[in-house]
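Secondary and tertiary structure notes
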Amino acid sequence: MEMSKSTILIHSADFDASTNDVLDWLYYNPQSKNFNIKRINGSIGIDTISMYISSSKETPASVCSFFDPNIKFYWYRRGALEILAPNKYLIYSDNFNHVTKSDYADYNKFLKELVPKGINNPRDNEINKLKVYVHAKQCGLFFPDTYILNSFSDDFLEKLKGKEFVVKSLSYPSISIHYKSFEVDLYSSTQLINLKDVLKIYPKTFLLSQFQEYIPKKYEIRTFYLNGIFKSMAIFSQQNEQTKVDFRNYDLERPNRCVPYNLPKWYETKLHELMLSLEINCGSIDTIVTPDDEFYFLEINPIGQFQWLSKNCNYFIERMIADALLH
Amino acid sequence: MEETTPTQHIKLHSNCIPVKGAMRSVICDLQRNLYIPVPHSLIDLFDEDSLLNLELLETTLDTASLQIFSEYLHLLERQEFVFHCNKLEAKNFPTINTEWDFPSQATNCVIDINQGSEHDYTDLIQNELDSVNCHYVQLRSFDAFSLSFWDDIIKIINGSPIRSVDFIIMDVSACFSHKEISEWVYSNRKIRCVTLHSSSENKIVRQQNLGFSLVLSVKEKINSPISCGNIHPSYFSINVESFTESLAHNTCLNRKIAIDTEGNIKNCPSMAKSYGNIRDTKLIDVVNNADFQKVWHIKKDEITKCKDCEFRHICTDCRAYIENPEDQYSAPLKCGYNPYTCQWEEWSTNPLKQQAIEYYGMQALVKDEK
């Protein structure tokens, strides 16, 4: 009967091709007939909710208009999840609005602890690079010296004397600014900087940015991680001047050579430990292999692109995700 | 930290795969979609892990051979088919997974149309093709139809899970102008290519954009399925998906479904055997029929001539028109390549093929081509 079927909920965005690909594998699998498959694109606003905890219960729970108890599996891919304030309260005053917003923010955060189990969680987006490195250090991983700055400290200037650094945006590499009647999207790729560049700006302040010691590469590794399984690809970006610092400066005529790669077991073990400690069960991990065969952990992107990795290496990652959704 | 050994080896990238033919090999670059013919002797220098020890080579090859090798090494490096590495790190680079799989019971469908066809396009697209998760459709018409006829069909496709569609339609100025068809293609973004046949000239009517929205006109008259099945380098498909598919399956018929002008469900419109009519037969039942699936598994490695051809894993195939109609493993009739001489010749004038040409009633077609 339709009523008793459990639901697989996919939270994504319009035009997310990888979600379409996974859905193809889901529908192709005869087991999918036993589930209601539901996809929601964009932000999920929850209108009615009650969160509760009781001394007789082990963990808090919620009853909410959105997450019905039939949801067996929740795949978070894109979009926000937040509790809506009823419209009638929002019109009174900015002051009131402000109060509710901060109250709501706390419980919106808590709500993410209560969502159904699955792949990823909206809170994975709130990941902070420094926090990740703190955990990475505990797991014994090497990573480049990293500064988060909005002005150049003396300490940083001193450091810059002997080394090359790259600068990149904190998280999302593009910002929209309004200029006259235009909306301009600025995309910033990773750039090498030296002391001369810095002195042009010094001592002004700027948008909080990430400065990282430049690590020479033999090749870069992009890894897709899901519940302890690693699918890695080597990107030979060093042969091409255009992609040397940031492979996203794609050379479409002559794409970087991308081939299947197996990370050494000791390194996978450390990454697995890191993912467990961050409680992130799926994501894309970037690594640099230096000319001396050292492994530098760069970053985790919890909702990264995996289509090109899957295609180039013939990994069938989309099928893997579909199988995980169906168990 | 492990001691690093000098990078005295080169290793073939796992997506640059050598395929040996009777006389020579080709390296198929499945990432950059190209191939380069090389002598067997070059490929034989690599071991089973695709590794070649450069230092060792210098002691084993004579000066003349080393000179030739250095030219080939330059080619391999320029194409980035190889990378320099030590034996230890080479172990981290596995061979590419050669599995082929696709989330559709039928990956592609050819629908033939003429004035007499009575296809129910709504049912066919919304129910039947959806039931086999078909992503790709080719509609081929032998007679003239108005643009509004095609527009009705594309509207159904636009609202379906079908990802892309190709049209092969007759170019008749009374039905539509090239400007009208171009605009129509532009506003229907699932259209990959429209080929206008029986046209006054061969030309590109509209340039492609990211692999879609191409409009071509060709002088060739396509008034029956008999013009299909040509084997030519321009049809080569050099990518992971086609390569892996060809290792285990037929590169034309695997998971293909065809509906001829009368609604008969077949492996290919050019083949005689029908597995029922769409009026009363479900596509999913045909696709699941073991007999229907038999031709899906005729591999290039089993086909006469193809199995000795260096292009076998990047080439298309044709099982409808073959050199010996009695032997389903015989070579495609419309292939003019000779892997024993490495020459492309005109297939239609080959004396050994005349009997089959007569068998399929292709004499007129062959004359037209000349």
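Please read all numbers here as calculations on a predicted model, not as lab measurements.

Topic: the pattern of salt bridges
Counted according to the given criterion, the structure contains 37 salt bridges over all chains. For the salt bridge of Arg-163 of chain B with Asp-21 of chain A, the shortest nitrogen-to-oxygen distance reads 3.3 Å. Highlighted residues: Arg-163 of chain B in the loop between helix 6 (147–158) and strand 9 (164–170) and Asp-21 of chain A in helix 1 (residues 17–28), drawn from two different chains. Residue class for Arg-163 of chain B comes out partly exposed when judged on its relative accessible area of 34%. Judged by its relative accessible area of 13%, Asp-21 of chain A falls in the buried class. Close ionic contact of Glu-158 of chain A with Lys-161 of chain A constitutes a salt bridge, the shortest N to O distance being 3.4 Å. One end of the pair, Glu-158 of chain A, and the other, Lys-161 of chain A, are both in helix 5 (residues 154–162), 3 residues apart, so they sit about a helical turn from each other. According to the relative accessible area criterion, Glu-158 of chain A is exposed, its value standing at 51%. For Lys-161 of chain A, a relative accessible area of 58% translates into the label exposed. Shared partners join several salt bridges into a network, and the residues in it are Arg-319 of chain A together with Glu-99, Asp-101 and Arg-255 of chain B.

A few points about helix 1 of chain A
Residues and elements named next belong to chain A. For helix 1, spanning 12 residues, the distance from its first C-alpha to its last is 17 Å, which sits close to the expected 16 Å at 1.5 Å a residue. Among the residues making up helix 1, those that are buried are Ser-18, Thr-19, Asp-21, Val-22, Leu-23, Asp-24, Trp-25 and Leu-26. Those residues of helix 1 that are buried are in contact with strand 1 (6–12), strand 2 (35–41), strand 6 (71–76), helix 8 (307–313) and helix 9 (317–326).

Observations regarding the interface of chain A and chain B
It is common to report an interface's size as the accessible area lost on association of the parts. The interface of chain A with chain B comprises 29 residues on the first partner and 35 residues on the second. Both faces combined, the contact of chain A with chain B buries some 2,800 Å², and carbon together with sulfur accounts for 46% of it. At the junction of chain A and chain B, the tally comes to 7 salt bridges. Between Arg-257 of chain A and Asp-29 of chain B there is a salt bridge whose closest N-O contact spans 2.8 Å. Within the residue set of the side of chain A that touches chain B, elements represented by two or more residues are helix 1, strand 16 (229–236), strand 17 (257–261) and helix 8 of chain A. When residues in the side of chain A that touches chain B are grouped by element, the largest group, 6 residues, is from helix 1 of chain A. When grouped by side-chain class, the residues that make up the side of chain A that touches chain B number 13 nonpolar, 6 polar and 10 charged.

Comments concerning the pairing of strand 16 of chain A
Residues and elements named next belong to chain A. Most of strand 16 sits inside the fold, with 6 of its 8 residues counted as buried. As paired elements, strand 15 (residues 219–226) and strand 16 share 7 bridges and run antiparallel to each other. The residue bridging Arg-222 from the neighbouring strand is Met-233, located in strand 16. Joining the antiparallel neighbours strand 15 and strand 16 is a turn of 2 residues, in which Asn-227 adopts a positive phi near 45 degrees. In this structure, strand 16 lies alongside strand 17, joined through 5 bridges in antiparallel fashion. Considered in strand 17, the bridge of Ser-232 is made with Tyr-261.

A word on the nonpolar core
Formed by 61 residues in total, the largest nonpolar core has its most connected members in Leu-139, Trp-150, Phe-167, Ile-181, Trp-184, Val-194 and Met-362 of chain B. No other element matches the 6 residues that helix 6 of chain B contributes to this core. If we skip the residues at most four places from it in the chain, Ile-181 of chain B touches Leu-147, Ile-169, Phe-176, Val-194, Leu-196 and Val-215 of chain B. In terms of nonpolar packing, the next biggest core, distinct from the first, is built from 30 residues, Ile-221, Tyr-267, Leu-271 and Phe-297 of chain A among them.

Details of the sheet that holds strand 4 (residues 34–38) of chain B
In a beta sheet, neighbouring strands pair by backbone hydrogen bonds and run either parallel or antiparallel. Residue and element names in this part refer to chain B. The antiparallel open sheet is built from 3 strands, whose spatial order is 2-3-4. The sheet terminates laterally at strand 2 (16–20) and strand 4, the two strands that pair on one side only. Pairwise comparison of adjacent strand axes, ignoring direction, gives a mean angle of 25 degrees for this sheet.

Description of a nonpolar patch on the surface
There is a patch of nonpolar side chains on the surface, built from Ile-175, Ile-177, Leu-186 and Leu-207 of chain A and spanning about 360 Å² of accessible area. Assignment of secondary structure puts Leu-207 of chain A in the loop between helix 6 (195–201) and strand 14 (209–213).

What about the packing of aromatic side chains?
Using the criterion set out here, one finds 44 aromatic pairs over all chains in the structure. For the ring pair Tyr-147 of chain A and Phe-165 of chain A, a centre distance of 6.0 Å and an interplane angle of 65 degrees mean the geometry is edge-to-face. Placement of the pair is Tyr-147 of chain A in strand 9 (residues 146–149) and Phe-165 of chain A in strand 10 (residues 165–169), with a sequence separation of 18 residues. The exposure class of Phe-165 of chain A is buried, given its relative accessible area of 0%. Ring geometry for Tyr-261 of chain A and Phe-93 of chain B: centres 4.9 Å apart, planes at 75 degrees, overall edge-to-face. Taken together, the positions of Tyr-261 of chain A in strand 17 and Phe-93 of chain B in the loop between helix 4 (87–90) and strand 7 (108–113) put the pair across two chains. Residue Tyr-261 of chain A is classed as buried on the basis of its relative accessible area, which comes to 1%.

Rules of the game
- Numbering of residues starts from 1 in every chain and runs along the sequence as written.
- For naming, the first written chain is A and the first written ligand is 1, with later ones following in the order written.
- Thresholds applied to this predicted model are a pLDDT of at least 70 for local features of residues and 80 or more for the giving and counting of side-chain atom pairs; totals over whole chains, interfaces and linings are not thresholded and use all residues.
- To obtain the side-chain values, all non-hydrogen atoms of the structure were included, while hydrogens and water were left out.
- Any Lys or Arg side-chain nitrogen located within 4 Å of an Asp or Glu carboxyl oxygen qualifies as a salt bridge.
- For the purposes of this entry, the term helix denotes a DSSP run of H or I that reaches at least four residues, the term strand denotes a run of E that reaches at least two, and both are numbered from the N terminus.
- Three exposure classes are used, based on accessible area relative to the maximum for each residue type with a 1.4 Å probe and protein chains only: buried under 20%, partly exposed in between, and exposed over 50%.
- For a helix, the expected span equals 1.5 Å multiplied by the number of residues minus one.
- By the convention used here, residues are in contact when the closest approach between their heavy atoms is within 4.5 Å.
- We define buried area as the total accessible area lost by two parts upon association, computed with a 1.4 Å probe and summed across both.
- Residues are grouped as follows: Ala, Val, Leu, Ile, Met, Phe, Trp, Tyr, Cys and Pro are nonpolar; Asp, Glu, Lys and Arg are charged; all remaining types, including Gly, are polar.
- Here the rule is simple: two strands pair whenever DSSP picks up at least two bridges between them.
- Each nonpolar core is a collection of buried residues, namely Ala, Val, Leu, Ile, Met, Phe, Trp, Tyr and Cys, held together in the definition by side-chain atoms within 4.5 Å.
- Axis definition: a line fitted to C-alpha atoms, over the contacting stretch in the case of helices. Angles run 0 to 180 degrees between N-to-C directions.
- Here a patch means residues that are over 30% exposed by relative accessible area and free of salt bridges, tied together within 9 Å if like-charged and within 5 Å if nonpolar (Val, Leu, Ile, Met, Phe, Trp, Tyr).
- Every accessible area reported is derived by Shrake-Rupley at a probe size of 1.4 Å, with residue values counting cover from the shown protein chains alone.
- Stacked, tilted and edge-to-face are the three classes assigned to paired rings of Phe, Tyr and Trp, where Trp is represented by its six-membered ring and a pair needs centres within 6.5 Å; plane angles under 30 degrees give stacked, over 60 edge-to-face, the rest tilted.

In short, shape yes, function no, at least from these values alone.
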